[in-house]
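Here's the letter readout for the chains.
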Amino acid sequence: MSDYPPLSLHVPEPELRPGDTPDFSNVAIPKAGSVPRPPIDVDAKDIKELAYSIIRVLNREGEAKGPWAGSLTAEETLAGLRHMMTLRAFDARMQLAQRQGKTSFYMQHTGEEAVSCAFQRALLPGDMNFPTYRQAGLLVASGYPLVDMMNQVFSNEADPVKGRQLPVFYSSREHGFFSISGNLATQFIQAVGWAMASAISNDTKIASAWIGDGSTAENDFHAALVFASTYRAPVVLNIVNNQWAISTFQGIARGGSGTFAARGLGFGMPALRVDGNDYLAVHAVAKWAVERARRGLGPTLVEYVTYRVGPHSTSDDPSAYRPKTESDAWPLGDPVIRLKNHLIRLGVWSDERHKQAEAEIQDGVVAAQKEAEKNGTLHAGGKPSVRDMFEGVYAEMPPHLRRQRQQAGV
Amino acid sequence: MSDYPPLSLHVPEPELRPGDTPDFSNVAIPKAGSVPRPPIDVDAKDIKELAYSIIRVLNREGEAKGPWAGSLTAEETLAGLRHMMTLRAFDARMQLAQRQGKTSFYMQHTGEEAVSCAFQRALLPGDMNFPTYRQAGLLVASGYPLVDMMNQVFSNEADPVKGRQLPVFYSSREHGFFSISGNLATQFIQAVGWAMASAISNDTKIASAWIGDGSTAENDFHAALVFASTYRAPVVLNIVNNQWAISTFQGIARGGSGTFAARGLGFGMPALRVDGNDYLAVHAVAKWAVERARRGLGPTLVEYVTYRVGPHSTSDDPSAYRPKTESDAWPLGDPVIRLKNHLIRLGVWSDERHKQAEAEIQDGVVAAQKEAEKNGTLHAGGKPSVRDMFEGVYAEMPPHLRRQRQQAGV
Amino acid sequence: MPRMTMIEAIRSAMDISMARDEKVVVFGEDVGYFGGVFRCTAGLQQKYGKSRCFDTPISELGIVGAAIGMAAYGLRPCVEIQFADYFYPAYDQIVSEAARLRFRSAGQFTSPIVVRMPTGGGIFGAQTHSQSPEALFTHVAGLKTIIPSNPRDAKGLLIAAIEDPDPVIFLEPKRLYNGPFDGHHDRPIMPWSKHDLGEVPDGHYTIPLGKAEIMRSGSDLTVLAYGTMTFVALAAAEETGIDAEVIDLRTLVPLDLETIVASVRKTGRCVIVHEATLTSGFGAELAALVQEHCFYSLETPIQRVTGWDTPYPHAQEWDYFPGPKRVGEAMVAVMEA
Amino acid sequence: MPRMTMIEAIRSAMDISMARDEKVVVFGEDVGYFGGVFRCTAGLQQKYGKSRCFDTPISELGIVGAAIGMAAYGLRPCVEIQFADYFYPAYDQIVSEAARLRFRSAGQFTSPIVVRMPTGGGIFGAQTHSQSPEALFTHVAGLKTIIPSNPRDAKGLLIAAIEDPDPVIFLEPKRLYNGPFDGHHDRPIMPWSKHDLGEVPDGHYTIPLGKAEIMRSGSDLTVLAYGTMTFVALAAAEETGIDAEVIDLRTLVPLDLETIVASVRKTGRCVIVHEATLTSGFGAELAALVQEHCFYSLETPIQRVTGWDTPYPHAQEWDYFPGPKRVGEAMVAVMEA
Ligand SMILES: Cc1ncc(C[n+]2csc(CCOP(=O)(O)OP(=O)(O)O)c2C)c(N)n1
Ligand SMILES: Cc1ncc(C[n+]2csc(CCOP(=O)(O)OP(=O)(O)O)c2C)c(N)n1
Ligand SMILES: [Mg+2]
Ligand SMILES: [Mg+2]
């Protein structure tokens with residue numbers, strides 16, 4: 001119709017591309033301590049604005065501020081620092097091992113260590129995480145042996161999943177860490193099902209679901225929200241918004257809503273946004289949401305605002321799609337340094353002790369790697385058996401697989 | 001952990017089951033004319049409360065009230081009444097024809113006629129609807145011949161889709177009515193794609209997507225909201241909340257959010273709720289949303305609050321899961337009677353003229369049916385050819401289908 | 001012994017399983033209060049409560065995805081997809097998750113779920129109420145796929161499926177729900193109450209997965225069939241007078257290759273029948289296996305009689321459905337070739 | 001003639017199609033600014049603008065569903081699924097919608113879309129970067145399925161697919177992107193620049209759908225292969241010294257049955273090779289067709305060499321992948337049986 005101007009397609013673009021000078025001054029960041037902490041039985045509709053804010057505890061001076069502070073003792077906080085430092089050291093070694101050809105693939109957590117490390121400490125034994133590939137902190141913080149993680153990364157003869165999975169696709173029922181799938185988002189609804197099962201069984205365990213910003217566009221995300229909302233499942237639904245999905249900035253998945261937490265509003269569930277680089281804030285919010293779930297108050301959606309400092313994986317080179325120095329400009333800082341400064345300010349830590357801890361942790365990781373390499377690396381040394389490929393497809397091997405195993409000569 | 005009481009599963013239940021006395025007094029219904037009408041370029045975040053209210057124009061006295069009134073002339077309104085009456089008469093005849101074995105299946109619109117009939121009148125030629133099986137009013141109100149609809153219902157030799165589809169699965173490109181799929185919700189994202197194509201092509205056409213309350217739980221609903229939000233597609237996303245999905249009440253799909261319209265809030269898109277039994281309100285809201293889309297202002301989510309008076313389909317008996325008289329108690333009334341009363345109040349209609357129109361329409365439908373039956377019914381008379389089964393799978397019949405057609409001896 | 005319809009037999013299987021093991025839970029669209037659009041779960045919510053039998057949102061992905069999570073927790077979900085035509089939204093959860101969970105976690109997590117779905121045509125249900133998607137499951141390592149053809153088998157196989165430690169796809173030929181159907185749509189309908197296979201033990205019993213049944217022994221040729229096609233094949237044998245050995249496969253994966261091979265080695269001829277479209281249907285796998293294992297016994301080429309490679313039509317249903325006439329013609333052709 | 005990698009050839013096909021027809025649009029995950037994780041769409045956004053080549057949210061359903069809507073409008077979408085392992089969320093849109101739209105609307109609406117996806121193994125990608133799901137498409141009436149094995153074919157077939165009026169699944173063997181791969185993973189890699197099939201015409205040309213190519217003519221036996229397996233089969237022929245006729249099918253549906261039958265009637269022996277799992281793989285359909293059409297010429301049973309019926313493993317990749325050794329053994333067996 002002639003009186004309407006022609007339409008055109010809106011394709012969102014990040015503000016910065018390679019060559020641009022990083023500038024995040026337009027990102028609104030509330031002051032630490034400024035966001036209120038509602039009671040856990042709050043009505044979701046009374047806290048809608050929490051989906052558009054950012055809960056923060058640690059300020060620039062390293063102080064813990066406001067109503068969300070105080071969920072951890074100094075000792076627990078020190079343990080948290082160690083977990084994050086361990087994960088970072090582990091990442092560095094494994095990244096290197098991949099470059100050395102000791103395995104096929106690796107994925108780092110750089111900048112996001114607080115999210116999984118702090119969350120884990122809000123859970124109780126028996127609870128179950130349904131993680132993505134970027135939450136190995138859940139394992140580290142639960143005391144899962146680094147050697148076992150490395151055995152998995154190396155796909156060696158001691159690999160707990162017998163060489164069947166891509167590196168970093170860990171699994172540990174004992175440590176409440178559900179087997180990782182390479183198909184994005186699928187585990188989000190499974191977590192809701194697990195939580196429903198706990199409720200059906202009149203248990204007190206809760207589940208925790210994990211997803212990346214980009215993956216919220218998937219079907220399973222929606223199914224999870226629908227089921228969690230309808231059956232008031234005891235589950236915490238975690239979105240790790242690290243700003244990127246491989247080369248795609250978060251605006252493509254997010255669209256016109258200001259935040260990912262806002263997705264929860266359409267389902268009548270409490271939706272919180274938290275500074276993902278603030279160990280104390282993550283822990284406090286996790287504890288709040290976990291307690292809600294365990295008290296039968298239903299699901300909570302939590303968005304962790306963080307930044308993927310490293311490449312997506314060892315197959316990726318981010319300099320092709322974002323400014324090289326973007327991560328330095330990221331306004332929420334480094335989770336390790338922030339927590340370290342806080343502990344120094346508390347008087348329970350110092351630069352020297354930090355350096356010393358770094359060295360100790362590094363030694364521990366190197367020792368674990370030596371140990372793991374005794375069991376082989378992807379192309380050298382001990383290997384999972386070929387028989388293992390035919391076993392475990394079913395509980396009992398059916399005749400056709402037995403025939404195939406024989407054909408394979410194993 | 002002993003200090004937590006055991007969890008239990010929450011399974012929402014409708015308040016009324018067979019044997020109960022219907023009572024909708026808890027359903028909050030705003031007064032006609034009380035909900036404001038924002039400008040079409042309003043910011044979604046400034047009208048969030050519209051997702052929790054109900055836009056109404058016609059009051060109990062048959063007056064058109066408030067800022068949403070006045071989108072149609074008396075003549076146009078009279079045409080609307082005729083469309084609804086035609087659809088109702090058509091439904092009655094086809095329901096009967098199914099009972100007589102003239103076809104395998106039928107689905108009625110009883111109580112929901114206003115939604116599709118009024119919406120269609122807000123579109124321009126060239127726009128495209130992506131309907132479900134309960135929006136035949138889109139065809140009726142666009143002047144699609146009843147005989148063609150009946151030919152489809154009878155799967156006869158003049159069936160526009162050649163006997164290939166279940167009855168009521170119409171298709172008419174010319175009338176802006178996309179081929180209906182029996183797989184729920186799939187067309188919702190397709191509508192968004194069609195709208196994106198219009199924008200890519202710098203066209204001025206818009207798309208309109210349709211879904212039922214129950215079907216909003218499907219994957220495609222989410223994909224549609226994500227894509228529409230991200231690319232600001234020129235599309236109206238319509239949810240027909242008729243309270244039931246076969247035997248399942250709307251609370252199972254809706255969960256903890258108060259309304260279905262609320263789903264749009266998590267995507268930053270305007271979300272409106274409208275009295276689906278109020279022809280004038282439906283039209284006014286449709287016009288608003290269509291104008292937004294065509295002006296390049298992006299998608300709108302609209303929830304029509306209505307009630308499925310009849311059974312889900314000819315295969316269903318609702319008395320097994322809801323009180324028989326529930327529909328009489330439904331507080332939003334009958335769309336035909338409400339519009340009739342309004343026109344009488346306007347002085348352009350009367351009971352006599354209504355009766356007369358009813359008879360005329362009935363005659364027209366009966367005549368159309370006679371005409372259609374000349375082309376056959378499902379088990380008698382003219383049939384689509386068996387060759388037709390092999391044709392149209394591909395643009396050109398590939399060799400293997402040619403072989404099969406020969407084997408079939410046709 | 002009581003006589004049951006296939007619907008009653010399936011309901012009885014779930015009822016008995018729920019009574020024996022409180023880990024068994026049942027859910028799906030319209031499955032709770034109403035008892036399912038085919039009534040297979042009628043009464044279970046009333047008997048076992050809302051948290052063991054309940055309605056779900058219309059999300060097949062959600063149904064299967066939640067079931068996988070529940071199974072990982074330790075429950076035994078037996079879920080319903082309202083029609084097999086609607087499993088596609090759940091396919092990712094079935095293939096990428098349920099089927100691989102045991103393997104990829106080296107047994108730490110398993111997925112003992114049963115996914116029930118009415119399958120097949122013959123009810124004028126057109127494209128979206130008639131499909132036979134079994135081949136889309138048989139290609140997936142880690143799944144087991146069952147299609148019973150009668151009440152007795154349906155109950156015993158469903159109980160076995162619920163007790164099985166692996167994910168099982170349980171396809172219910174909807175045209176057989178109320179009686180055997182031999183493809184003669186213009187003849188009176190026979191109810192299960194008039195048929196021997198309608199005799200179903202009241203209590204608990206299982207029929208092992210992976211065992212076919214010879215429904216008619218014969219020496220002229222072997223017909224491999226399952227579901228509704230079992231009765232079509234029996235009718236074709238009767239009508240052609242060919243002494244066919246009719247095998248009801250019952251389980252497609254794992255397959256009872258032994259019984260198949262023994263039969264074809266004996267008869268030297270083979271016809272395969274299914275409702276699904278021809279190309280890449282499960283009949284292809286059967287033909288490939290039979291020629292591999294019985295090559296030197298085969299006297300004529302194996303023939304497949306199947307649905308055509310078109311979407312399932314409405315008006316042309318009986319031209320699409322592989323009825324006794326088409327099956328009989330293939331049998332004659334295989335004898336004469 | 002210029003030499004191109006398969007990636008460059010595929011990019012060239014899209015580039016030429018977009019230049020010739022402004023209705024052609026390209027989108028998918030990471031496809032826009034970055035140009036795709038395999039770089040197949042690199043430069044297209046820069047050249048044709050953001051509304052003709054763009055990034056999408058991570059929703060395969062959304063990608064295909066939106067493409068269907070666009071095609072119904074009149075555009076020609078050519079979309080990318082990042083790995084074939086991730087098409088499952090879009091399966092309902094592919095099967096229930098794209099494949100049936102022409103049929104169910106009697107031609108009023110059609111769905112001329114191309115869905116590109118990297119397929120197959122050989123890159124240590126484990127379960128979710130290695131699958132070969134072609135049989136899940138070949139079973140679906142209304143779809144066409146293509147798997148090119150080299151740059152020349154990839155370009156000509158992709159242009160033909162984009163111009164085709166029906167929905168086409170275009171599977172790109174990722175292990176062939178940079179060079180032919182014969183399964184000898186321990187030998188140096190050969191780039192396409194060193195291979196004749198890397199010679200790709202610069203401009204517009206098409207290779208018709210439904211035509212196989214004889215890659216090596218021979219008289220001892222026929223090998224039916226596609227994708228990466230074409231080169232594995234050629235290597236096996238060389239290494240065993242058996243005079244095999246190696247056929248690259250190129251298009252699975254529609255299938256070039258004529259070429260297949262002529263070859264097997266000539267050689268009397270047949271080996272079928274694919275990476276996908278055995279049971280209900282496309283090899284089953286090929287075996288069924290060959291025995292049906294060449295029964296009286298066949299001297300020994302048809303053998304299938306395929307991926308095992310297990311999920312695709314990581315560490316055991318080379319024990320899973322059907323390499324020249326296993327193919328060669330089957331060839332010898334078929335000669336000797
Ligand atoms: C179903 C599916 N689609 C696509 C992919 C390919 N893929 C792997 S990671 C990734 C990006 C995920 O981004 P996000 O969810 O933000 O998580 P992040 O990597 O940032 O932690 C993509 C597209 C996949 N693994 N699964
Ligand atoms: C994918 C899919 N799942 C299930 C069904 C079966 N089914 C047909 S209609 C229906 C209920 C739909 O309810 P709603 O969306 O509220 O629409 P209404 O019938 O009320 O208009 C169901 C479950 C289907 N057609 N497709
Ligand atoms: Mg991310
Ligand atoms: Mg409804």
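Residues numbered from 1 in each chain as written. Chains lettered and ligands numbered in written order. Predicted model: local features only at pLDDT ≥ 70, side-chain atom pairs only at ≥ 80, totals over all residues. Heavy atoms only, no water.

Regarding the interface of chain A and chain B
Where the parts come together, the accessible area they lose is often given as the size of the interface. Taken residue by residue, the interface counts 52 residues in chain A and 52 residues in chain B. Summed over both sides, the interface of chain A with chain B buries roughly 4300 Å², with 60% coming from carbon and sulfur. Per-residue buried area on chain A facing chain B is highest for Tyr4(A), Leu7(A) and His222(A); these three make up 18% of the total on that side. If you look at where chain A meets chain B, you find zero salt bridges. Viewed at the interface, chain B and chain A are joined by 22 residue pairs in polar contact (both at pLDDT 80 or more). Only α5 (186–200), α6 (219–231), α7 (250–254) and α8 (279–294) of chain A provide two or more residues apiece to the side of chain A that touches chain B. Split by residue class, the side of chain A that touches chain B holds 24 nonpolar, 17 polar and eleven charged. (Contact = heavy atoms within 4.5 Å. Buried area = accessible area lost by both parts, 1.4 Å probe. Salt bridge = Lys/Arg side-chain N within 4 Å of Asp/Glu carboxyl O. Polar contact = N/O pair within 3.5 Å; in protein donor to acceptor, adjacent residues only side chain to side chain. Helix = DSSP H or I, 4+ residues; strand = E, 2+ residues; numbered from the N terminus. Nonpolar A, V, L, I, M, F, W, Y, C, P; charged D, E, K, R; others polar.)

Details of the sheet that holds strand β1 (residues 128–130) of chain B
All names here are of chain B. Strand order in the open sheet formed by five strands is β1-β2-β3-β7-β6, and the pairing between neighbours is parallel. Pairing within the sheet leaves two strands with one partner each, and these edge strands are β1 and β6 (271–275). Neighbour to neighbour, the strand axes of the sheet diverge by 20 degrees on average, direction disregarded. Where β1 and strand β2 (residues 207–212) come together, three bridges link them in parallel fashion. Bridging across to β2, Phe130 finds its partner in Ala209. The sheet contacts of helix α8 (residues 279–294) involve β3 (235–241), β6 and β7 (300–305), and relative to β6 the element is tilted by about 155 degrees. (Pairing = 2+ DSSP bridges. Axes fitted to C-alpha atoms, helices over the stretch in contact; angles between N-to-C directions.)

Regarding the sheet that holds strand β11 (residues 270–277) of chain D
All names here are of chain D. With mixed pairing, the five strands of this open sheet are ordered in space as β7-β9-β8-β11-β12. The open sheet has two edge strands with one neighbour each: β7 (213–216) and β12 (303–307). Looking at each pair of strands side by side, their axes are set apart by 25 degrees on average, direction ignored. Where β11 meets β12, four bridges bridge the pair, whose relative direction is parallel. By the bridge assignment for β12, Thr277 is matched with Gly307.

A short note on the interface of chain C and chain A
Across the boundary between the two partners, chain C contributes 40 residues, which contact 43 residues of chain A. Taken together, the two surfaces of chain C and chain A that pack against each other cover about 3400 Å², and 63% of this comes from carbon and sulfur. The three residues of chain C that bury the most area against chain A are Tyr73(C), Phe103(C) and Arg104(C), which together make up 23% of that side's buried surface. Where chain C meets chain A, there are zero salt bridges. There are 20 residue pairs in polar contact (both at pLDDT 80 or more) connecting chain C and chain A. Elements that contribute at least two residues to the side of chain C that touches chain A include exactly β2 (53–55), α3 (60–73), α4 (91–98) and α5 (101–104) of chain C. When residues of the side of chain C that touches chain A are assigned to their parent elements, the largest contribution, ten residues, is made by α3(C). For the side of chain C that touches chain A, a count of residues per class yields 22 nonpolar, eleven polar and seven charged.

Overview of the confidence of the model for chain C
Mean pLDDT over chain C stands at 98; residues scoring 70 or higher make up 100%. Here the complex is predicted with pTM 0.99, and the ipTM for its interfaces comes to 0.98. (pLDDT = per-residue confidence, 0-100.)

Digging into the packing of α3(C) against α4(C)
Residue and element names in this part refer to chain C. For the pair α3 and α4, the least separation of the axes is 8 Å and the interaxial angle reads 25 degrees. With respect to their mutual orientation, α3 and α4 come out roughly parallel. Contact residues: α3 offers Leu61, Val64, Gly65 and Ile68, while α4 offers Gln93, Ile94, Glu97 and Ala98. Its residues assigned to classes, the contact of α3 with α4 comprises five nonpolar, two polar and one charged. (Parallel < 35°, antiparallel > 145°, perpendicular 65-115°, else oblique.)

Some remarks on the site of ligand 1
Surveying the vicinity of ligand 1 reveals 20 residues, the closest of which are Tyr133(A), Asp213(A), Ser215(A), Trp244(A) and Glu60(D). In this structure, ligand 1 sits where chains A and D come together, each supplying nearby residues. Taking Gly182(A), its main chain carries an N or O atom lying 2.8 Å from a nitrogen atom of ligand 1. Its free accessible area being 590 Å², ligand 1 has 96% of it covered by the protein chains. Here the residues of the shell around ligand 1 are counted per class, giving seven nonpolar, eight polar and five charged. (Near = heavy atom within 4 Å. Areas by Shrake-Rupley, 256 points an atom, 1.4 Å probe, with all protein chains shown as cover.)

Section: the site of ligand 2
Taken together, 20 residues form the shell around ligand 2, and within it Tyr133(B), Arg134(B), Asp213(B), Ser215(B) and Glu60(C) come nearest. At the site occupied by ligand 2, the surrounding residues belong to chains B and C. Interatomic distance of 2.7 Å between a side-chain N/O atom of Asp213(B) and an oxygen atom of ligand 2. Within the contact set of ligand 2, a nitrogen atom lies 3.1 Å away from a side-chain nitrogen or oxygen of Tyr86(C). When the residues that make up the shell around ligand 2 are grouped by side-chain class, the tally is seven nonpolar, eight polar and five charged.

So, the pairing of strand β3 (residues 76–80) of chain C
Residues and elements named next belong to chain C. Most of β3 sits inside the fold, with four of its five residues counted as buried. Examined bridge by bridge, strand β1 (residues 24–28) and β3 share five bridges and lie parallel to one another. Bridge pairing in β3 links Gly28 to Glu80. Strand direction decides the pairing type here: β3 and strand β4 (residues 114–119), joined by three bridges, are parallel. (Buried < 20%, exposed > 50% of the residue type's maximum accessible area, 1.4 Å probe, protein only.)

A word on the coordination of the magnesium ion (ligand 4)
Residue and element names in this part refer to chain B. The protein atoms that coordinate the magnesium ion (ligand 4) are Asp213 (OD), Asn242 (OD1) and Trp244 (O), at distances of 2.0 to 2.1 Å. One chain supplies every donor for the magnesium ion (ligand 4), spaced along it as D-x28-N-x1-W. We classify Trp244 as buried; its relative accessible area is 4%. (Donors = N, O, S within 2.8 Å, 3.2 Å for Na, K, Ca; no water.)

Section: the environment of Asp275(B)
All names here are of chain B. Residue position: Asp275 is located in strand β6. Put simply, Asp275 and Val305 are 30 residues apart on the chain and 5.2 Å apart in space, counted from C-alpha to C-alpha. Leaving out residues up to four positions away in the same chain, Asp275 has contacts with Ile54, Ile55, Arg56, Ala281, Val282, Val305, Leu332 and Arg338. Polar contacts involving the side chain of Asp275 include one to the main-chain amide nitrogen of Asn277, which spans 2.9 Å.

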